[in-house]
Amino acid sequence: MASEEALDLLRRTAELALSEPQRWLANIDAAIMSAPSMRVIADDPVLRAATQRTNRSNMLHWATAVASDPAARVPANIGAETLNYARDLIRRGMTESTLDSYRIGQNAAWVQFMREAFTLTSDAEILQEVLSLAFASISDFLDATIGAVAARMAVERDELTRGTHAERREVVSLILDGAPIPRPRAEARLGYALTGTHLAAIVWGEDPDSELSDLERASDLVARACGARHRLTVVPSAATLWVWYAGGYPPDADRLDTQIKSIAGVRIALGPAASGIEGFRRSHLNALTTQHMVARLKSSRRVANFTDVQLLTILSGDLEGADAFVTATLGPFATAPADIRQSVRMFVQCQCNASRAATTLHVHRNTMLRHLERADQLLPRPLNDNSVNIAVALDIVEWRDASTRRP
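None of these values were measured; they are calculated from a predicted model.

Asker: Residues and numbers for the overall build of the chain, please.
Answerer: Along the backbone of the chain there are 18 helices and six strands. Projecting the C-alpha coordinates of the chain onto the three principal axes gives extents of approximately 80 × 60 × 35 Å. Burial analysis of the chain (407 residues in total) assigns 48% to the buried set. Of all intrachain contacts in the chain linking residues separated by at least 6 positions in sequence, the fraction that spans at least 24 positions is 72%. As displayed, the chain offers around 19,000 Å² of accessible surface, 52% of which is attributable to carbon and sulfur atoms. In the chain, which carries 44 positive and 48 negative side-chain charges, the distance between the mean positions of the two groups comes to 9 Å.

Structure below.
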């Protein structure tokens with residue numbers, strides 16, 4: 001029988017978790033994402049976001065139950081977040097071994113619990129008792145939750161092996177893997193012609209409230225923006241669509257970015273338009289690269305074209321090296337006002353023609369010249385001597401700083 005003092009300390013520690021959940025979640029998320037065995041989750045923007053949502057759901061579920069009744073057993077968390085996470089794992093081809101993330105998170109939560117408990121009392125006897133109670137409670141709760149998730153994964157795996165959606169995923173996977181599947185056979189099973197040009201998009205949601213209908217609305221916007229005749233859609237996870245637009249051309253990413261602002265939490269990565277079955281494959285793989293690059297740079301850009309980040313994928317293979325490149329190339333100009341940096345980027349894009357750049361940005365030519373003069377004062381090397389490197393460095397700054405400058 002637990003003492004009243006220990007139960008009270010358990011309750012108060014749980015209340016601390018509820019009052020400052022982000023402090024707990026930051027440690028839990030960091031532990032999971034930095035674990036070598038979780039690299040596949042950390043590198044996938046959709047799985048990463050889903051894991052973080054699940055961490056939050058589990059932590060709040062346990063803390064709420066304990067704060068309400070510290071003596072009671074905490075039931076498994078089988079809410080929508082948990083079940084969606086199981087669906088995402090299966091649709092991404094994961095196995096139950098991925099559930100190790102729960103154990104990693106458990107260890108991080110346990111360490112945080114100990115830290116909090118030690119701030120509330122220095123009574124060694126009560127601390128010993130409450131730590132024992134908490135360890136048993138957290139372990140029992142996660143055992144039950146992992147069991148429920150594993151069971152749900154089994155159901156999802158069974159459903160995915162049957163029906164039209166499963167057949168589409170199977171054929172698309174063969175094409176993406178470069179398997180020698182005959183084109184007529186693939187077209188018949190997909191209901192989609194693999195001749196002509198294709199523009200691939202990955203539409204995904206990072207918001208906990210994102211629904212499949214939101215993703216489909218965003219996909220409709222892309223279809224209109226790229227002039228597609230028809231499209232093929234595959235659902236690889238609960239929060240992701242893979243889409244190919246037949247006859248589509250690269251849309252204006254900035255305009256599309258504005259159009260999807262009304263759809264909360266939805267983001268779009270676009271590949272280049274390419275021809276034939278190889279173009280179908282390459283455009284998707286490039287869209288996937290774009291998605292991962294946006295995530296790695298922690299950009300808040302809602303829409304990204306592969307052509308916008310292609311050079312960055314090379315430079316940012318070594319993020320520390322990219323930082324050093326930006327510092328050496330831009331110097332103090334890296335933190336110059338956004339309008340001056342924008343003027344320099346447009347000046348380079350217009351082949352160093354100040355008049356054309358001013359016209360494109362709808363500013364007076366004298367304003368453009370003042371911006372260029374100020375840039376030369378801040379840059380380590382004059383703009384005309386180093387324009388290509390400066391443009392590349394500004395692209396890196398643009399993508400990395402987007403989260404601080406965009407709503």
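The structure having been displayed, the exposition proceeds.
Asker: Could you give me a rundown of the packing of aromatic side chains, with the residues and numbers involved?
Answerer: Scanning the model with the defined rule gives six aromatic pairs in all. Relative to Phe113, the ring of Trp110 has its centre 6.2 Å away and its plane inclined at 5 degrees; by these criteria the two rings are stacked. Of this pair, Trp110 and Phe113 both sit in helix H6 (residues 100–120), three residues apart, roughly one helical turn. Exposure class is identical for Trp110 and Phe113. Each is buried. Between Trp244 and Phe280 the ring centres are 4.3 Å apart and the planes differ by 10 degrees, which places this aromatic pair in the stacked class. Residue Trp244 is found in strand S3 (residues 240–246), and its partner Phe280 is found in helix H12 (residues 276–296); the two are separated by 36 residues along the sequence. Comparing Trp244 with Phe280 shows no difference in burial state: the two are buried. Grouped by ring-pair contacts, the aromatic residues Trp62, Trp110, Phe113 and Phe135 constitute a single cluster.

What counts, and where the lines are drawn
- Residues numbered from 1 in each chain as written.
- Predicted model: local features only at pLDDT ≥ 70, side-chain atom pairs only at ≥ 80, totals over all residues.
- Heavy atoms only, no water.
- Helix = DSSP H or I, 4+ residues; strand = E, 2+ residues; numbered from the N terminus.
- Buried < 20%, exposed > 50% of the residue type's maximum accessible area, 1.4 Å probe, protein only.
- Contact = heavy atoms within 4.5 Å.
- Areas by Shrake-Rupley, 256 points an atom, 1.4 Å probe, with all protein chains shown as cover.
- Lys, Arg positive; Asp, Glu negative; His and termini not counted.
- Charge placed at Lys NZ, Arg CZ, Asp CG, Glu CD.
- Phe/Tyr/Trp six-rings, centres within 6.5 Å; stacked < 30°, edge-to-face > 60°.

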